[in-house]
Structures are given as structure tokens and as C-alpha cells.
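Breakdown of the fold
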Amino acid sequence: MPRILIVEDDSIVRQAVRLGLRHQGHEVVAVETGEEGLEQLRAVRPDVVVLDLMLPGMSGLDVCRRMRERDQVPIIMVTARGDDIDVVLGLETGADDYVVKPVQARVLDARIRAVLRRQDASLPDGARPRPETHGDLVVDRAGLEVTHRGEPVTLAPSELRLLLTLSASPGQVFSRQQLLEAVWEHGYHGDIRLVDACVKRLRNKLGEGRNPRYVQTVRGFGYRFGTGRA
């Protein structure tokens, strides 16, 4: 049973989401402040965090940043406005996905299950492919591990799934919509900001400069994975 940590200061919303997710078969721990959320992150080891962006005291952005410093647990951000600049800031800070209030438990449950599937380490037919080397980058699909210049790279679930998707077909250009469907399982109404923010975080973790060697932009269309050569 997936364990979900909810950080939401509105008692009515918190209770409704808690009951809705329990009805969907999740174990739920709910708190009202960012400070409590950070404490429960250590105490209950949740499988997914549902984090309200607008919190009293420590903001949701600060909580997200602090959580990312400690753990790569999937974070789904809850925001009151889907077109607000804070959505982009939250995604760039480390959130894996977001939902807009009013939150429907059925929609949130679908997002939770999708983000959990990104962590599935199972391989078809029991196969265990050899690690792939792309320049200074080594991608171990079986172990879900990435190293860059011999150093391990810690990636959040969406960052890892994005890298695995792109690196599986070096040189192939993927549109943002294709990546939304492959990585986030979002259809036509998905938000391409998820893709751009995740690319930015992934590039930062890979030490990509002004001319990325790995996650390359195809202007006006999307992204492709390079060979890693300068």
C-alpha cells in the first residue's frame, strides 16, 4: 500500500484529500505546515509527497527545496492557479508534477500512480542490459543508476525517466508532447512546462553548459539525446 504524505494548511482540503486517497487504497499521513512535512519525511518515509505551494511560514517552494536536498521522493505540487509563475518555480525547484485546486482525489490518485510507475525497476523478460556509455555519462538501466565522470548522479523520478527515454534513442528528436506522454503519462492536455523544467534540472545535475552535450534542444520542436561528444 503506497504511503502518501500530504502537506496542506487548509483543514477542509487536507481532510478531503486524505479521505479521498484512503478510499483509493493509499496509506495517508497529513500535516499542515512545511516544518511538520520535513519532520514526517524522515519519520514515515513516504512513497509520494503531495505538497501545497502556498503554506504559512515556510513556503511550499522552500519545503520542496529542502526535501530535494535530503531525498528524491516523488513530489506532486498543489497550486491554486495553473498559469502562475510559481508553478514554473516549483517545477524547477524539484517537483515532479503538479495539480490545480480544487483537487479531485481521482485525478490526484492517477498522478500518484503514474509517478510511482516511473520508479518501477522491473525489466521485460528478466533481461539485464549492460550499462550504456555516452561520453562521460554511464546509464545503468537495470540498476537505475547514472554516473557522470565516475561520480553518481542522484536524480528524481521524472528526471531519471526523462533521461532513460531520451538516451534509449540517441539522435532521435522527441517533441515535448511525446515526452509528456512517455514520462508523465499526460495526454493532450498535459503541460509542456513539466518537460522544460525537468530538462533544466537534469542539465544542471549533469553539469551541462551553454552547449549541452547530452540533452540537446531542437528549437521549435523538442529535445534529443546527444552522443556526449564535444
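For the structure, see preceding data.
Below you will find a few notes about this structure. Owing to the predicted nature of the structure, the values given are computational and were not obtained by experimental measurement.

Describing empty space enclosed by the protein
Throughout the structure, instances matching the rule amount to 1 cavity of 30 Å³ or more. In this structure, the largest cavity spans a volume of roughly 50 Å³. For the largest cavity, the full set of lining residues is Ile6, Val7, Glu8, Val13, Val17, Val50, Asp52, Val78, Val103 and Leu108. When contributions to the lining of the largest cavity are tallied by element, the ones reaching two or more residues are strand E1 (3-7), helix H1 (11-23) and strand E3 (48-52). For the lining of the largest cavity, a count of residues per class yields 8 nonpolar, no polar and 2 charged.

Topic: the environment of Arg141
Locating Arg141 in the fold gives a position in the loop between strand E7 (137-140) and strand E8 (145-148). A distance of 3.0 Å separates a polar atom in the side chain of Arg141 from the backbone oxygen of Leu164. Here Ser167 takes part through its side chain, which lies 2.8 Å from a polar atom of the side chain of Arg141.

A word on the environment of Phe174
Secondary-structure assignment places Phe174 in strand E10 (residues 173-175). For Phe174, a relative accessible area of 10% translates into the label buried. Note: C-alpha distance between Phe174 and Phe221 (47 residues apart in sequence) is 7.7 Å.

Considerations on the side chain of Asp140
Turning to its location among the elements, Asp140 is positioned in strand E7. Of the residues examined, Asp140 reaches a relative accessible area of 14% and is grouped as buried. Reaching out from Asp140, the side chain makes a polar contact with the backbone nitrogen of Ala142 at a distance of 3.1 Å.

The rules behind each value
Residue positions within a chain follow its written sequence, with the count starting from 1. Reporting in this predicted model follows two pLDDT cut-offs: at least 70 for local features of residues, and 80 or more for side-chain atom pairs to be given and counted; totals over whole chains, interfaces and linings ignore these cut-offs and use all residues. Derived side-chain values reflect all non-hydrogen atoms in the structure, with water molecules and hydrogen atoms excluded from consideration. Within this scheme a cavity is a closed region of a 1 Å grid, computed over the protein atoms alone, that accommodates a 1.4 Å probe without allowing it to escape, whereas a pocket is open but has protein on both sides within 12 Å along at least five of seven lines; lining residues each have an atom within 4 Å of a point. Grid points are joined across faces, edges and corners, and a volume is the space filled by probe spheres set on the points. Runs of H or I in DSSP of at least four residues are treated as helices and runs of E of at least two as strands, each being numbered from the N terminus. Residues are sorted three ways: Asp, Glu, Lys and Arg are charged, Ala, Val, Leu, Ile, Met, Phe, Trp, Tyr, Cys and Pro are nonpolar, and all the rest, Gly among them, are polar. Polar contacts here mean pairs of N or O atoms no more than 3.5 Å apart (in protein, one a potential hydrogen donor and the other a potential acceptor; neighbouring residues in sequence count only if both atoms are side-chain atoms). Think of it in three bands: residues with accessible area under 20% of the maximum for their type are buried, residues over 50% are exposed, and the middle band is partly exposed, with areas taken using a 1.4 Å probe on protein chains only.

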